Amino acid sequence: MAHLSTKTYGNERGLSCCSRQWAADSDCSLLHGYSFGFRFVFAAEQLDKRGWVLDFGKGGFGKIRDWLHEMFDHSLLVAEDDPERPALEALGERGIARVRVVPGTSCERMAEMTFHKADEIVREATGGRCWVESVECSEHGSNSAIYRSTRAVARLAESDRLHEELG
Ligand SMILES: Nc1nc2c(c(=O)[nH]1)N=C([C@H](O)[C@H](O)COP(=O)(O)OP(=O)(O)OP(=O)(O)O)CN2
């Protein structure tokens, strides 16, 4: 058995950024902008002394919030394998874009990248007590993708099994 908590840093927060999906054979290959939203699920077998999985505020989620702004606020996301990467990076060199090179610009890749960063942050901050179960990244109310690690799913299953075995 594990405790789960959620934190939504929604589309209304204004993480406005610009990107393109160069391999798409649609308008998605053109630069376009979204205010991406994120929903995190955190997990822990043991709560802290306050009875919390992870502080929703500055003391816990704060570092993830800072990273979200660093990555996604007023930035131009460029996929590392974008054939036009040099041209897009040149915009950064000219001071007219804040370029962030990322593994991929689909919601799926953004959820995956954010999962790994958030998991690193919470594991370090809680000495491994808390981990990230999943991250959802949404373009708007209709389109989103979820990244869930098999390690996190396995840890939850193992926790359930031990609880049943030990009563
Ligand atoms: N699985 C995914 N599919 C698509 C992604 C994605 O990240 N993951 N991204 C896009 C485009 O970049 C774009 O963001 C969506 O544009 P569009 O095709 O216009 O889709 P919409 O839902 O916004 O428009 P409708 O009004 O529903 O047509 C495409 N696919």
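Residues numbered from 1 in each chain as written. Predicted model: local features only at pLDDT ≥ 70, side-chain atom pairs only at ≥ 80, totals over all residues. Heavy atoms only, no water.

A.B. asks: Help me understand the site of the ligand in this model?
C.D. replies: Close to the ligand lie Gln21, Cys28, His32, Tyr34, Ser106, Cys107, Glu108, Glu139, His140 and Asn143, which account for all nearby residues. One of the side-chain nitrogen or oxygen atoms of glutamine 21 is found 2.8 Å away from a nitrogen atom of the ligand. Note that an oxygen atom of the ligand is positioned 3.1 Å from one of the side-chain N or O atoms of histidine 32. Compared with its free state, where it exposes 620 Å², the ligand has 46% of that area covered by protein. At the level of secondary structure, the elements contributing two or more residues to the shell around the ligand comprise strand S3 (32-35) and helix H3 (107-126). Here the shell around the ligand is composed, by residue class, of three nonpolar, five polar and two charged. (Near = heavy atom within 4 Å. Polar contact = N/O pair within 3.5 Å; in protein donor to acceptor, adjacent residues only side chain to side chain. Areas by Shrake-Rupley, 256 points an atom, 1.4 Å probe, with all protein chains shown as cover. Helix = DSSP H or I, 4+ residues; strand = E, 2+ residues; numbered from the N terminus. Nonpolar A, V, L, I, M, F, W, Y, C, P; charged D, E, K, R; others polar.)

A.B. asks: For this particular structure, what's the right way to read the packing of aromatic side chains?
C.D. replies: The geometry of an aromatic ring pair is captured by two quantities: the separation of the ring centres and the angle between the planes. In this structure the tally under the stated criterion is nine aromatic pairs. Relative to phenylalanine 61, the ring of tyrosine 9 lies with its centre 6.0 Å away and its plane at 35°, an arrangement referred to as tilted. In this pair, tyrosine 9 is assigned in strand S1 (residues 3-9) and phenylalanine 61 in the loop between strand S4 (37-44) and helix H1 (62-72), connecting sequence segments 52 residues apart. Side by side, tyrosine 9 and phenylalanine 61 carry an identical accessibility label, which is buried. Taken together, the ring pairs in this structure connect Tyr9, Tyr34, Phe36, Phe38, Phe40, Phe42, Phe61, Trp67 and Phe72 into an aromatic cluster. (Phe/Tyr/Trp six-rings, centres within 6.5 Å; stacked < 30°, edge-to-face > 60°. Buried < 20%, exposed > 50% of the residue type's maximum accessible area, 1.4 Å probe, protein only.)

A.B. asks: Help me understand unusual backbone geometry, please; the structure alone is not making it clear to me.
C.D. replies: One can expect most non-glycine residues to show negative phi and most peptide bonds to be in trans. Backbone geometry at histidine 74 places phi at a positive 55°, although glycine is not the residue there. By the secondary structure assignment, histidine 74 is in the loop between H1 and strand S5 (75-79).

A.B. asks: Would you explain the sheet that holds strand S2 (residues 16-19) in this entry?
C.D. replies: In sheet architecture, strand pairing relies on hydrogen bonds along the backbone and comes in two forms, parallel and antiparallel. In space, the four strands of this open sheet follow the order S3-S2-S5-S6, with mixed pairing throughout. Every other strand in the sheet has two partners, leaving S3 and strand S6 (99-102) as the edge strands with one partner each. Across the sheet, the mean angle separating the axes of adjacent strands is 30° when strand polarity is ignored. Of the strand pairs in this sheet, S2 and S5 are connected by two bridges, and their pairing is parallel. Across the sheet, residue cysteine 17 finds its bridge partner in S5, namely serine 75. (Pairing = 2+ DSSP bridges. Axes fitted to C-alpha atoms, helices over the stretch in contact; angles between N-to-C directions.)

A.B. asks: It is not clear to me how the layout of surface pockets should be interpreted in this structure. Could you clarify?
C.D. replies: Empty space left among the atoms is revealed by rolling a probe the size of a water molecule over them. Of the volumes computed, that of the largest pocket is approximately 170 Å³. Lining the largest pocket are Arg20, Gln21, Trp22, Ala23, Ala24, Ala79, Asp81, Pro103, Gly104, Thr105, Ser106 and Arg109. (1 Å grid on protein atoms, 1.4 Å probe; cavity = no way out; pocket = protein on both sides within 12 Å on 5 of 7 lines; lining within 4 Å. Points joined across faces, edges and corners; volume = space filled by probe spheres on them.)

A.B. asks: What exactly am I supposed to notice about the confidence of the model for the protein here?
C.D. replies: As a general rule, the predicted coordinates of low-pLDDT regions are not to be interpreted in detail. For the protein, the average pLDDT comes to 94, and 99% of its residues sit at 70 or higher. Scoring the predicted complex yields pTM 0.91 and, for the interface, ipTM 0.88. (pLDDT = per-residue confidence, 0-100.)

A.B. asks: Looking at this structure, how should I read the pattern of salt bridges?
C.D. replies: Should their charged atoms come close, side chains of opposite charge can pair. Inspection of the entire model under this criterion finds nine salt bridges. With a closest N to O distance of 2.8 Å, arginine 20 and aspartate 82 form a salt bridge. Of this pair, arginine 20 sits in the loop between S2 and S3 while aspartate 82 sits in the loop between S5 and helix H2 (85-93), and the two are 62 residues apart along the sequence. Note on arginine 20: relative accessible area 15%, which makes it buried. Across the salt bridge formed by aspartate 119 and arginine 123, the nearest N and O atoms sit 2.8 Å from each other. Pair noted here: aspartate 119 and arginine 123 are both in helix H3, with a separation of four residues, about one helical turn. Judged by relative accessible area, arginine 123 falls into the partly exposed class, the value being 21%. (Salt bridge = Lys/Arg side-chain N within 4 Å of Asp/Glu carboxyl O.)

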